[in-house]
Structure formats: structure tokens, C-alpha cells
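Commentary on secondary and tertiary structure
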Amino acid sequence: MIELKNVERSYKTGPTETWVLRRIGLTIKEGEFVTVMGPSGAGKSSLLNVLALLDDGWLGEYWFGETPAHKLNRKQRADLARERIGMVFQSYHLLDDLTVAENIDLPLSYKNLPAKERQGMVADILDRFQIVAKKDLFPSQLSGGQQQLVGIARAVVHAPALLLADEPTGNLHSTQAREIMNLFCELNRAGTTIVQVTHSDENARYGKRIIELRDGWLTRDQALQPTTVEVNVQ
Amino acid sequence: MNRLLQDLRYALRQLRKSPGFTFTAVAVLALGLGANIAIFTVLNGILLRPLPYAHSDRIVEIKGTGSDQYYMMSYANMLQLRDAVGARMRIGVVMNSSMASIVAPGGRFQVQKVDVTAGLPAMLGVQPILGRSFRDEENDTGRNRVVLIGEEVWRKFYASDPQIAGKSLTIKGQAFTILGVMPRGFSFPFDEQMQIWSPAAIDPASRSSMSGKQVAWGDLYARLPDGMTVAQLTDQLTRTQAIVSKESTDGPPIPPRIAVTEYQQSLNQQVRKPLALLYAVVLGIWALACLNVTSLMLARAVSRTREQAVRAALGASRMRLLQQTLVESLLLSGIGAVFGLLLGQTAIKLLWRQIQRNLPLTNAIHLDWRVVACLSALTLLTAIVVSVFPALRAMRRDVQGALHGVTATASASQNRTREALVVAQLALTLVFLVGAGLFLRTIHALRQVPLGFSQQNVLTGGIILNGGSQLDDGESSAGQPSVVRNSYLPLLDRLRAIPGVQVAALSSVLPLRREMRVSIITNLDHKDVPYGKEPRADGRLASPGLVDALGIPMLRGRFFTDGDTPSSPPVVVINQAFANMYLPNQDPVGHSVSMGNKGRFSDMRIVGVVADMKQWNVTDSTKPEIYFCLAQSEPGTPLYGIATAFIQVAIRGAVPADSLRAQFDKALHEVAPDATTTNVKTIHEAVEDSFGSQTLIAHLLETFAALALLIASVGLYGLLSFAVAQRTREIGLRIALGAPQANILSLILRRALLLVAVGLTIGGALAWFAVRFASSYIYGVQAHDALTFNAVVLVLAAASFLAAWLPARRAASVDPILALRSE
């Protein structure tokens, strides 16, 4: 589904050039659950930003399915990201002045969809995530876990092919974190390709493959041995 | 549409959530838009709104001109001009215009009665809404006792009676038949007074007489022939007039040239420049408001960086983010516009008296589609202007940085932008303050000019008797009953009997009331003087007591007394200017003044010299004047005609002058029931009104300058408050490391000082150039007056210091523990 060839990213500060990604070559198949790990400053978030098509400053080749993202202009990349990619953030990044339902509707409002269709999609997701009762609440009225749940709902409401998660449980306690990771498994089983960035080994075990970055280099790429994992879906 | 509604709902929610920001932004925009709309409403009524005639831009006024002299034009002359152009040019003539007192079912009222040629309404392209217009034959003598009444007269005094046509109306003792009612808003000559129109009596001889007693005079108006411009008509008429003036050798001088002016232009010519200046000022206020709100919006955009980044990460395109910003600006601007409109219309109501007194065409000043269109356009422009910088910021694609909190604070360039906006506000404010300062000093200087008379507790007013003794044009007064004996002297007795009245006097002209001016040529001591070198002076009729009523010093001799009667030797009093010019280094008392070679007025004695006083304008030097005794003015004497037309009263009281109005009116109508009054006001009001539009402009500039100062101060305060909030952690750290309070204060104040210094420098330079546009309106002070500039700089610096002090104090009070914990 995704193929990166010799992807590089650097930042210039004065006369100095700092490389955050160096000759990254990576293939992610459809339906995979990939974990990206590494120490701070390794380039994990930078890699995620490239995959999310949020960053334009990289070099190399990026194939999203059959589409050469490296040949697209800014607008075309944004259109592709809007259609095919969903993103979950560590800090949830819900808009405080929108209700739960409105936050979930936000990415849909940027597509050319009729209002009724959007309402239907939001209703489905609220039901699926069992947060119908909370649809009119504001983020400040929810717990951290509930906010992240809404963040995930928002990321998958438009049924993206690829879900990217940047430290999705970084601000949650362990029980909430387990619930979120089980949800990711459920989504992955339903066919969504997931790439997560995490420091947590426990979270990494929910995935099927680990990629390790150090100083911008891809140093490890190995499949995880399958383990039996209790999945409690609420 | 759905997206628009969504953005609107969100914008409303955001504004409700930030009441402080919303209130400030709306208030500032309301002030900026309100000032603009108020002045535009006035400007629209006076300059833009067409007069209530068909194709009013084609109506012209035609006057005779010569070398710096005003000529009256005879009716016969006008017909010759009309004939030269032919039937293509329709004309209308106003032969006479005077105030009349009328009794109607709804009460007694004063109207302006206008005597016109029958074709005038047709020339203007206006038909009555009820009844019929004039017929040509109704200009014949004996057939002209018909009137058309104005819609306001019909509505207020005849209760909009649909059967009004055919009813009778008595004017100055004569019965007129009402033919019909003119449309609402119709007025000609354009005026605020209620009007009625009647065909002038023009006898056949007047249609061809260019001289002699049969001459009829008037003011000529015409509709430009199709396809002809003003310049072309002027050329054609001037060529015709050159022939006419050569052919007429006797009688009064015929104007050699013709001037044609668009009628509306002739009405508003003098106020075009002051209104343009005022509109430039309010555009500046609007710009200031936009700068201020832009600065607020920019600060707000910084605090919403994360939100914008999330939206972009979720798929919002640049245009969508821009739309969201624009919708919020439009909402703010729209709310500001609504309040601004209310403010503006309220301001007009509060200043209405001054507007009416100083500006023409004020009955056309009200809200109409042009004003609404201007407000709508300005609201849209405001929304675009205040959202430019925030929108550019929203469209920036540093999404990842914003999501990770890297750009959650304002960048250096954003801070520089906001600082530049505040500097611009300070600079503009200084310009307004300088303008206001200069006008304030002008009014002060005008008020310091020695007037030569006292302003305390003096009520004045004009009187038109409207009785049967009033002369018609050309009629000889000899043998007529004396209005002086029958009306004026009894009126004086009644006025003097009013409790609280100290002195009452009558005069044909009172200072600074500008209703009449009579120039006369006299002879001094029966000397032969070459033609053109005779003593010339402004002539006035006056009763005894005038000098006491107005507090005018007598320099020599005496003023008129009750002993000066029609049978006593005729006497005159002159002013100092006359004495200096025509009797220098002599005692004028005892010298003789003559008007004509025969009769009592051929040998009059100078009995006194009064001090000079300002008559027409406080800034003009006093002209030579001669006072004639009212009691000695009899039918058949030279100035008696003035007495029959118009006289003015001056009443000095021991009580406030205003309280004498009702009693003056009562006393007048006891003596002359048909009399009408004009411009009854205190002499102080007459003085203030004589300053003309300078007072109005001064008051407006004071208000605008105060507004500008408030807006700029708020802008500076907001900028520094934001800077303090941004630097809370840094300030907390400095305090934790031992920085004293004074150090923190100076950290903030130094920045403020720099901004203010730059703003004052730029503003000073701008003001230096800008004042030249106002130089023709100021008096008693130089345009580049150092005192004004310095005072303004001090005021602005003081206000800026206050605006900076509060945030600086707040910075010095930061709790370092809280500040460092919040990171």
C-alpha cells in the first residue's frame, strides 16, 4: 500500500543542516499494523508527518498505492490525505468549542458531501464507538480516554485506508491505554492499515511489525511473533 | 451554503466565548463605521442626493455678471435670453420671496411665499399631487390670486384634506384660491421653510421694459436643452447678452455677461471643501479602527494556532481556512455596522441644530439607499481589511509545528506586524489631535475678537409686519400711513413695559445677524466731490436705546433720543470707521451729511460717534456706518422703504434673554397681528452662528480626535498586554532569578516608549503636511503652530504612558511560581 524509497528530510538552521530522516526505504502492505519506535529525536514523528502528507520538505519517492505522492503538488497531496488518511494525535487535538458530534463531523465537512450523508456517517461512528450519549458534550466534559476515543472516531469516520497514530496513549493511564489499543486491533482486523508511533513496548505488542529509527536511519524492521492477545471490545 | 452557515455558527460561538475581545472589536468598529456613516449621511443629503425635480442635474441658475459685481436681471432681459435659445430651453423665474403669516384650520403659521412665473413647475418637471398647476394666463395682473401649497402645509395645517383644491386662503389681507398640493419633499427655491407658490403679477409692459418703473426683477432658472452642456449654454447666452447690454443705454446697468451654474452646485458650492475635509477625517478614523481591530484579530489568531493546524491536518484547504476567518470578520464587522449606524444617526440628531444653522440643503439629510449601500460596502471592506493578516496567518502551512506547540506563540515577524499597526494608530491619532487643536484655538481666537458690543442677556429677532402698509415694488410711500408711528413706536412701548426688560430698541441691521445690508452714497458738508469719490457707508435705521441695548460705547456726542422727532432737525450718528475715513483729525459732531439735494434729508447733522463693532463677520474689519433716526423716517423719506420691509429688535433684560421670547411674540402680535418673526435668538447665539461651519467642524474634530485617542490607547494597551501574556514564563524566570520590580517595569515600558516615539515622529511629519488642507479654515493661529503641536505630543504621550503602565504593572506582579509551573 505504501512504499518509501530513499526518503530524506533535513532542516536548515543558518549554515547547519540537520538530517531527521536518512534514506528511508519502507514498504507497508495493506492491512498491516506497524509500530515505529526509537529514542527521542530519532525521526519517528517526522516519518509519520511524511506518511500523513503533512510535510512537504522531504526528498525521495513516496508511493501511496499506485499514486506517486512525490510527484503531486501541495493541493493534490492535501486532497489525497483528506480522502485516504486519518490521524490520531497524542494530545487528542479536539476543538474545545465543538461538541463531540461536531468534532467527528469536522473532516467530513471538508469534503463535498451532502449534509444528510454526513449526519448519517457521524451517527454510525457514534453508535459504533458507543458514545451516542456523549455527542452533545464538549471535550472539556470528557475524560482523557474518552477524548482520545473521540479523536480516533474522528480519524476513522471517513473510512480511511491508512490510520496514523502519534503516541495515541501518551497522555492516558494504563487502563485507558489498553482500551485504545484494543480498539486499534479491532480496526486493523476490519481492514484498516495502522502505523503507530510509540515509546511503549506494551503498545508495540499490539502490532505485527516493528520499525526502529535511530538518528534518522531505519535500523530495524522485523515482524513480531504472533501472540495471543485478549481483546475486550466494549 | 451549509458550510457558510456552519462557519457562521462557529464564529458566533467563538465571539460569545470571548466577550472582552468581541466587545472591544465591536465597539471600535462601531465608532469607526458610525463616524463615517454620520458624515456620509450629511454629505449624501447635501452633495449627492438629487433635488426633488425631474432630472435635477439639468436645472441651472442663470445670473448676470460683470467685473466683480452682482447684477440684477430684468424680466424683459430674461425673455430675450430665452428667445435666443428658443423653445428648447424652458425657463422659470422667481420674482419675489417673502415670509407670510397665514391662519389655517390647523393654526397660525409662517410660510415662505414664492411668486413665480406660471411655467416654473413645468420647467422643474413636477406636477401637483392634488389639483392642477398654474396656467400661463395666471401671471396676468388680477388673475394671479391662486396658490399651490406645499405637502407639509397641507398635512400639518389642513389635515391632508382631499378636498383642499378650490378652498380659500388669506395672505396679507388678500384672498387666494388653493389650486393644489405639491409633492412631498418639493421645495423651490430649495429651502427648509414651509412654502407656498403663487403666480407673480407681470403686466404686459414688464415683459419688454429694461428700465423705468415698469421693470420687473427676478431670479432666472432654466432646464438645459437636450444635448447642451452648461458651458455651451453659457457661451450662447453670453453672446446674446453682449448684444442686449450694448443696445440698452439708459436705466440701471445691464450685466455684460452671463453665468450659468447647475442649481444644486450653486446651493452647496461653499460647503463642498469643508465636507470633503470632514469625510477625509472620518475615513482616517475608520482606518484607525481597522488597524486596531486587525491588531486584535492577529493576537487572537496566535491563540488559535493549534485549532487552525488541527483543521488543516483534518483536510481543511487554505481557502476553507480563509473563508472561516472572513466569516468571523464579516460577523464582527456586521455587528459593528449595526451599532455604528445607530451611533451615527444619534450623533446627527444631537448636532442637528448646528448642522441646520451652518449647512445648506439640510432637509435632504436623512437615511436613504445611498447611505445603506455605503454602509454595506464599508462593512464588507472592513471585514476584508481586518482579516487580511489573520487570514494570511491561517493559510500558513506549518501544520506539524503548530500541532506540536512549536508555534503556539507569536513569531517575531507577527509581533513586528502588530507593533507596526500600533505605531500607525498613534501616528494617525496625532494628526487628528493636531487638527482638533488648531480648530479649538481658532474658535478660541474668534471668541477673543473684541466685538464692540455686549453679549449678555440680549434677545434679538427680525420682524416683518405683513400689514397693508407694506409697500409693493415701485409703489411710492408718500401719503401712506407711517409704519414707524403706527407699529414700531407702539411696539417699543410694549416691549419696554415687559417685566425684566431694561432696554428695547429697533434697528434695520443688528450685528452679526447678516439679514440685510444697505449701502448708501452721501455728501459731507455739501462739498463737491468727483464721481466715485463720494463718502459711502452702510446705512442703518435705529431707534433711541440701541447703544444701551447692545452696550455700544459712545465716543463723542450722543445717540438718538425721544426728542428726535419728525419735526425736529434731522440727525445722524456715525461710527469711528466713518470718522477716520472721511473726517480724520476732526471732531465729526456738527458736520453735515446729505442724501439728495432736496427735503429734510439733504441737511442732517452728525450728533454722535459710536465705537466700531463687528457687523458682518468677526474677522472682517468694520466698514463706515451711518445711523439714521427711525422716528424721523417718514413716508417719502429715503430710507423709509427699508422700514416697511423689515426691522430687527434688540431687547436687553435683567433676566436671561431666552425667557423673553414668549413675551416678545405676544407684544408684537398685539401691535401687528399679521406680523411674522425671523431668527429669534440671543445675540450670543448670533455671534456663535456667525462663526459658521468652523464651530461645527471644531466640535466634530474634537470628538473624532478624542475617539482616535481612545482607540489608539486601547490598541497600545492590547499590544502590551498580549506581549506580557506571551512573556509570562520569561518574566517569571527573571523575577525568580532576582530581577527587581523596576527592572520588569522598564522592560515593558522601554518597548512602549520606542513605539510611541516612532508613532509620534511619523505622526508629526504627517500632521505637518496635512494641516495645509485646513489652513483656510483656521484663524488667529498658524497652521504649524508650535504650541499646538507640542501640546498634542504631550497629550498623546501621557495617554500612551497610561495605556502602557497597566500591563507593565501586571508584568511586575507576575508570580514566578505560577508562571514557571504553567509550562
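A short tour of the structure in this document, coming up.

Definitions and limits used
- Residues numbered from 1 in each chain as written.
- Chains lettered and ligands numbered in written order.
- Predicted model: local features only at pLDDT ≥ 70, side-chain atom pairs only at ≥ 80, totals over all residues.
- Heavy atoms only, no water.
- Helix = DSSP H or I, 4+ residues; strand = E, 2+ residues; numbered from the N terminus.
- Rg over C-alpha atoms; globule rule 2.2 N^0.38 Å.
- Buried < 20%, exposed > 50% of the residue type's maximum accessible area, 1.4 Å probe, protein only.
- Contact = heavy atoms within 4.5 Å.
- Pairing = 2+ DSSP bridges.
- 1 Å grid on protein atoms, 1.4 Å probe; cavity = no way out; pocket = protein on both sides within 12 Å on 5 of 7 lines; lining within 4 Å.
- Points joined across faces, edges and corners; volume = space filled by probe spheres on them.
- Phe/Tyr/Trp six-rings, centres within 6.5 Å; stacked < 30°, edge-to-face > 60°.
- Lys NZ or Arg CZ within 6 Å of the ring centre and 35° of its normal.
- Axes fitted to C-alpha atoms, helices over the stretch in contact; angles between N-to-C directions.
- Parallel < 35°, antiparallel > 145°, perpendicular 65-115°, else oblique.
- Left-handed = near helix turned anticlockwise from the far one by under 90°.
- Nonpolar A, V, L, I, M, F, W, Y, C, P; charged D, E, K, R; others polar.

**Notes on the overall build of chain A**
Regarding its fold elements, chain A presents 7 helices and 10 strands. Compactness check: chain A gives a C-alpha radius of gyration of 18 Å against a globular reference of 17 Å for 234 residues, within 12% of the reference. Along the first, second and third principal axes, the C-alpha set of chain A runs to 50 × 40 × 35 Å. A total of 234 residues make up chain A; the buried ones form 53% of that total. Of all intrachain contacts in chain A linking residues separated by at least 6 positions in sequence, the fraction that spans at least 24 positions is 69%.

**Quick word on the sheet that holds strand β5 (residues 67–68) of chain A**
Residues and elements named next belong to chain A. The antiparallel open sheet is built from 4 strands, whose spatial order is β2-β1-β4-β5. Looking at the sheet topology across the chains shown, the edges are occupied by β2 (16–28) and β5. Pairing between strand β1 (residues 2–13) and strand β4 (residues 59–64): 5 bridges, direction antiparallel. From the neighbouring strand, glutamate 3 faces β4, where its bridge partner is tryptophan 63.

**Observations concerning the side chain of serine 633 of chain B**
With respect to the helices, strands and loops of the structure, serine 633 of chain B is situated in the loop between β22 (625–629) and α18 (640–645). For serine 633 of chain B, the contacting residues outside a window of four places in its chain are Ser482, Val484, Leu541, Leu639 and Tyr640 of chain B.

**Comments concerning empty space enclosed by the protein**
All chains considered together, the criterion is met by 6 cavities of 30 Å³ or more. Its volume calculated, the second largest cavity comes out at about 220 Å³. Lining the second largest cavity are 21 residues, with Leu54 and Ala81 of chain A together with Ala312, Ala313 and Gly315 of chain B sitting closest to its centre. When residues of the lining of the second largest cavity are traced back to their parent elements, those giving at least two are α2 (74–84), β6 (85–88) and α5 (144–156) of chain A together with α9 (305–313) of chain B. In terms of residue count, α2 of chain A provides more of the lining of the second largest cavity than any other element does, 4 residues in total.

**Notes on the packing of aromatic side chains**
All names here are of chain B. In the structure shown here, the tally under the stated rule is 15 aromatic pairs over all chains. The positively charged end of arginine 311 is found above the aromatic ring belonging to tyrosine 10, 4.7 Å away from the centroid. The ring of phenylalanine 722 has arginine 418 sitting right over it, with the charged end atom 4.8 Å from the ring centre.

**Overview of the packing of helix α1 (residues 2–17) of chain B against helix α10 (residues 318–350) of chain B**
Residues and elements named next belong to chain B. Relative orientation of the contacting elements α1 and α10 amounts to 55°, with a least axis distance of 9 Å. Compared by their axis directions, α1 and α10 come out oblique. The element α1 and its partner α10 pack so that their crossing is right-handed. Packed against α1, whose contacting residues are Arg3, Leu4, Gln6, Asp7, Leu8, Tyr10, Ala11, Leu12 and Leu15, the element α10 presents Arg320, Gln323, Gln324, Val327, Glu328, Leu331 and Leu332 at the interface. Grouping the amino acids of the contact of α1 with α10 by side-chain chemistry returns 9 nonpolar, 3 polar and 4 charged.

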